[in-house]
Every structure is written in structure tokens, then in C-alpha cells.
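As a plain string of letters, each chain reads:
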Amino acid sequence: MRLNINGREVRAYAGQTILDVAKENGIEIPTLCFSGDLEIYASCGLCLVEVEGAPKLLRACATQVADGMVVQTENKKIAKARKLALELLLSDHYGDCRGPCVMACPANCDAQGYVALVANGQYKEALKLIKEYMPLPRSIGRVCPRPCEDNCRRQLVDEPVSIAYMKRFVGDLDAASEDRYIPEIEPETGKKVAVIGSGPAGITAAYFLRRKGHKVTVFEALPEAGGMLRYGIPEYRLPKRILDDEIKQVEKLGVEIKTNVQFGEDFQIDYLFKNGFDAVYLAIGAQNSRRMGVPGEDMPGVIGGAEFLRAVMLNQPVSIGKKVAVVGGGNTATFGCRFFLAFSY
């Protein structure tokens, strides 16, 4: 059969689409969703064309040709419709250019990148990529709630890729290596930054500030660095030797950590500026339990989950009696129950 595209007569065969014929004849029609190997869904709306006699614009990828068809692929009406289709796509743009695993990660860690590197056996390169986003892959790989895996597209086929375990895996491999990866540090800037708090936020800020060439001192109120990673997560979930190792790796970059110094009691912000610091980063965390706003929560014997875990990790005495009610069923509740069971023995 014969048809006309943009004033040009071309040949076609029954069963072909307008897009097929246009491609064969070097006529460009834009499309995002068409691949040729998959079922046609005609979802993007960018391949719209005008066919003489049709009451509306048609999608070239899904419209079969007919003998004598007259097609126009470019005019103002088509351009306006394509622009509107693209604007609608961009208005709800989630995970089309980057995987939903990356989009879901609070650190925006390139999960696609390091999973591919692990698949190729490039473990050192995978660790280097991860450390462009975070300094604690061994710890985070053990305790992260894994929103990346909740959003992994692989679950549409069978099950999510074990993204967090891969992060943990390459971190553990590096820790066992005689040639551990040490990130490069940019030239010294002469600037000094004080970081108040040594939890995940404080350690991460110190790590990236030091890599930029600034001198960094971390001030921590408790006896050891780590914040909630140390004082809110039990040993069985995050062995403290692993946390210690990762913090030492940050210290090896030149970050100084001072413990047992309480902000507001042992020093004030004006003291830091008077002693040569150019900036202060507050990373004091959120270590108080969230109150429920119910009658009786201030009574003796009622203790918040975070406060309880911190007291236990600091080996402070905690009076819980013989019978305990746990309100809540998340990680904090689970950690607390394990300690209660341990106390009962």
C-alpha cells in the first residue's frame, strides 16, 4: 500500500504502524516509551501525529497504516500536544531517569551504580562509589530500614535486590583488606569547623568537611562517639567493633573527636568562635522519645524507649520491676523486649 507522510509518498505493508513506516523512510517521530522489543503501551504521548480525516491526533506507535493515508508529523497543533504530554510526564517524574531505589535513599546513594559494580566483581570500586555518599557503609548496611529495597523494581519480577547487604558486603571486604580505601582530601583550606554531636549526622558532616580540606573537631557529650548508632542500637544488630572501626577510618582522615564534653555546660558556641572556629555544625540528634500525649505517661515507672536503651547501653541502673508493658511494635520496642528478656534471667 501507499501513503503520504509530510507530502512525501512512501510504501508500506499491512500490519505496520505509522512509526514503523516513518523510521524506514528516515522521518523522525519522537517517542519515549517505544522500544520495539516490548508490547506497545503508547503511554508517553510524544509520538502524536495528525492523520487526514481523523477527529483527533493519533499515536504513531500504535496506529496501523491504511492505503492512501495522509499523515502530518510536524505542525503547531502537534507541537503543542507533544509539549503538553511532556509537561504532564515531568509533573509526576519519579524514578524515570534514576532508579526508584536511588530516589528513595535518604542519602541519594547510587545503588544502581554500586550494585552493577558488585555484579562485575569490582568490589573496591563499589566501595569507593558508596563512600562518595556516606562514610559508614558497614554500619548502615546492617541497620538501615532499606527504603531502597522497598522501591526496587526487581520485586515486580521476583524479589528486591539485596542492596543493603551489598553495601555491608563491600564494606566488610575492605575492612579485611590489607590495602584499605582512604578517600582523597582536597588541599587544606585553613578553615576550622566544629561539629557538635558524633552520631550519623555529625560523623557524616565531619567526613565530608574534612574531604573538602577543612580542619574538623567533633564534640560529643557521651563517653564514646556514635550517637544513636552506639547508644540506641543493641550489639546483636550492630556490633560496636564495626562502628568503632568505621569511626577510626574517619579519624584517620584527620578528624579530631573529643568525648565527654557537653554543649551548653562545658562550652558555648561563642567559645568556639573565640577559639578560631570559622563555622559550627549542630548535629545533636533527636535522642528523646516522642511523647504520646496520654494521661499517666509521666507516672513513675514509665520510661521512653530511647531513654531506656541509652541507659542500658551506658550500664546505668534501670528499675523495671517484674512485669513490663511495651507500647509500640517497631525496632525500638523489639530492642527493648530483648533487653527485658535478658534482665529476667
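Residues numbered from 1 in each chain as written. Predicted model: local features only at pLDDT ≥ 70, side-chain atom pairs only at ≥ 80, totals over all residues. Heavy atoms only, no water.

(A) Region of the structure containing helix 5 (residues 123–130). Buried within helix 5 are the following residues: A126, L127 and I130. The buried residues of helix 5 occupy one face: seen down the axis, they fall within an arc of 100°. Contacts from the buried residues of helix 5 go to helix 4 (111–119), helix 6 (137–143) and helix 8 (163–176). (Buried < 20%, exposed > 50% of the residue type's maximum accessible area, 1.4 Å probe, protein only. Helix = DSSP H or I, 4+ residues; strand = E, 2+ residues; numbered from the N terminus. Arc of directions from axis to C-beta. Contact = heavy atoms within 4.5 Å.)

(B) Quick look at helix 11 (residues 240–252). For helix 11, built from 13 residues, the straight-helix expectation of 18 Å at 1.5 Å per residue is met to within 8% by its first-to-last C-alpha distance of 18 Å. Where helix 11 is concerned, the buried positions are K240, I242, L243, D245, E246, I247, Q249 and V250. Its buried side turned inward, helix 11 meets helix 6, helix 8, helix 9 (200–211), helix 10 (228–231), strand 8 (256–258) and helix 13 (305–313). G254 sits one or two positions beyond helix 11 and adopts a positive phi of about 115°. (Expected span 1.5 Å × (residues − 1).)

(C) Representation of the pattern of salt bridges. With the rule as written, the count across this model stands at 18 salt bridges. Note that R154 and D158 form a salt bridge whose closest N and O atoms lie 2.8 Å from each other. Using a relative accessible area of 39% as the deciding quantity, one classes R154 as partly exposed. Taking relative accessible area as the criterion, D158 reaches 47% and is therefore assigned partly exposed. The closest approach of N and O atoms between D174 and R180, which form a salt bridge, is 3.5 Å. Given the relative accessible area of 4%, D174 is considered buried. Here the salt bridges do not stand alone but share partners, grouping K124, R138, R142, D172, D174, R180 and D245 into one network. (Salt bridge = Lys/Arg side-chain N within 4 Å of Asp/Glu carboxyl O.)

(D) Structural view of the side chain of E149. Inspection of the secondary structure assignment puts E149 in helix 7 (residues 147–150). With relative accessibility at 12%, the residue E149 sits in the buried group. A polar atom in the side chain of E149 sits 3.1 Å from the backbone nitrogen of I163. With near-sequence residues (within four places) excluded, E149 lies in contact with Q155, P160, V161, S162, I163, A164 and Y165. (Polar contact = N/O pair within 3.5 Å; in protein donor to acceptor, adjacent residues only side chain to side chain.)

(E) Structural detail: the sheet that holds strand 7 (residues 215–219). One open sheet holds the four strands; their spatial order is 8-7-6-9, and the pairing between them is parallel. Of all the strands in the sheet, just strand 8 and strand 9 (279–282) have a single pairing partner and so form its edges. Averaged over all pairs of adjacent strands, the angle between their axes in this sheet comes to 20°, without regard to strand direction. The sheet contact formed by strand 6 (residues 192–196) and strand 9 spans four bridges and is parallel. Looking across to strand 9, one finds that V193 is bridged to A279. Across the face of the sheet, helix 9 comes into contact with strand 6, strand 7, strand 8 and strand 9 while running at roughly 170° to strand 7. (Pairing = 2+ DSSP bridges. Axes fitted to C-alpha atoms, helices over the stretch in contact; angles between N-to-C directions.)

(F) Looking closely at the packing of aromatic side chains. Under the counting rule described, the total for this entry stands at five aromatic pairs. When the ring of Y123 is compared with that of F169, the centres are 5.3 Å apart and the planes differ by 90°; the resulting orientation is edge-to-face. Placement of the pair is Y123 in helix 5 and F169 in helix 8, with a sequence separation of 46 residues. On the basis of an interplanar angle of 40° and a centroid distance of 4.9 Å, the ring pair of F219 and F267 is categorised as tilted. Separated by 48 residues along the polypeptide, F219 in strand 7 and F267 in the loop between strand 8 and helix 12 (269–274) bring together distant segments of the chain. Like F219, the residue F267 is buried in the burial classification. (Phe/Tyr/Trp six-rings, centres within 6.5 Å; stacked < 30°, edge-to-face > 60°.)

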